[in-house]
Amino acid sequence: MTHHLDPTDVSGAAPAPLLRASIAGVTVALWYAVPDYVHGKGPRAVAKTAVSAAGAVALVWGPARSSTLAVSGDEESKTTQPDQGAPASSGTVDGRRNTKPALVFGMGGALLVAGIGLSLATERWIHRFGNRMARQGTLLPHTAIGLVAGSLAVLADLDELPAQHQGGVPVGSA
């Protein structure tokens, strides 16, 4: 699928997702860059907490998240209908009613613990990788990792960009 962005469109449809993606990317980049500028576990924890809090505040006070409801018809009627991409209700609800709550909570807890463990292991590996790069003489290795991770966060968040198919210029072409 090719996404089109109309360079003359100033209606504000795309800036909110772009701003959210940018905030996420900057927050991730700063998070990973902290060890290059703040030394010691305590001060580093405070700095990373500040980076996380600033990113969260910017996302909350920044652009509003798009709704799963699409406005149909003309702007004056303001009637809403479910988005066409939303999954339709099916018979799976009946299947969920027969599931034991203990099983659901047990699986959810196991997934939560596994996710936290995987996240911590990944963070430790990335930090050690940055330290290894520093020992090999790389200047500001954690900042380099942060720039890559921040760029990936921006790309991952750009899936929310609206596709505009009305005479726009395809993204990536000049």
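Attention here is on the structure that accompanies the text. (Residues numbered from 1 in each chain as written. Predicted model: local features only at pLDDT ≥ 70, side-chain atom pairs only at ≥ 80, totals over all residues. Heavy atoms only, no water.)

Turning our attention to the overall build of the chain. A count of helices and strands for the chain gives five helices and four strands. The order of α-helices and β-strands along the chain, N terminus first, is β-α-α-β-β-α-α-α-β. A burial count over the chain gives 21% of its 174 residues as buried. Taking contacts inside the chain between residues at least 6 apart in sequence as the whole, the part at least 24 apart equals 70%. Summed over all atoms, the accessible surface of the chain reaches about 12,600 Å², with 66% contributed by carbon and sulfur. (Helix = DSSP H or I, 4+ residues; strand = E, 2+ residues; numbered from the N terminus. Buried < 20%, exposed > 50% of the residue type's maximum accessible area, 1.4 Å probe, protein only. Contact = heavy atoms within 4.5 Å. Areas by Shrake-Rupley, 256 points an atom, 1.4 Å probe, with all protein chains shown as cover.)

A few words on helix H4 (residues 101-135). Taking 1.5 Å per residue, 35 residues should reach 51 Å; H4 reaches 51 Å between its end C-alpha atoms and fits that length. Among all positions of H4, only Ile126, Gly130 and Met133 are buried. Gly137 sits one or two positions beyond H4 and adopts a positive phi of about 100°. (Expected span 1.5 Å × (residues − 1).)

What follows concerns unusual backbone geometry. Backbone phi values are negative for most residues with the exception of glycine, while trans is the configuration of most peptide bonds. Non-glycine residue Leu140 carries a positive phi angle of around 50°. Mapped onto the elements, Leu140 comes out in the loop between H4 and helix H5 (141-157).

Before going further, it helps to examine the nonpolar core. Tyr32, Ile126, Met133, Ile145 and Ala149 form the largest nonpolar core, which has five residues in total. Not counting residues within four places of it along the chain, the set of residues in contact with Met133 comprises Thr138, Pro141 and Ile145. (Core = buried A, V, L, I, M, F, W, Y, C linked by side-chain atoms within 4.5 Å.)

In this section: helix H2 (residues 41-61). One full turn of an α-helix is made of 3.6 residues, so residues set three or four places apart face in the same direction. If you check H2, its first and last C-alpha atoms are 30 Å apart, about what 21 residues at 1.5 Å a residue would give, namely 30 Å. Listing the buried residues of H2 in full gives Arg44, Ala47, Lys48, Val51 and Gly55. Looking down the long axis of H2, one finds its buried residues gathered within 95° of arc, a one-sided arrangement. Among the exposed residues of H2, those oriented more than 90 degrees off its buried face are Val46, Thr49, Val60 and Trp61. (Arc of directions from axis to C-beta.)

Here we come to the side chain of Arg44. Position of Arg44 among the secondary structure elements: in helix H2. One buried charged residue, Arg44, remains without a salt bridge, the closest side chain of opposite sign being Asp36 at 8.7 Å. Other than its neighbours up to four places away in sequence, Arg44 contacts Val34, Pro35, Val38, His39 and His127. (Lys, Arg positive; Asp, Glu negative; His and termini not counted. Salt bridge = Lys/Arg side-chain N within 4 Å of Asp/Glu carboxyl O.)

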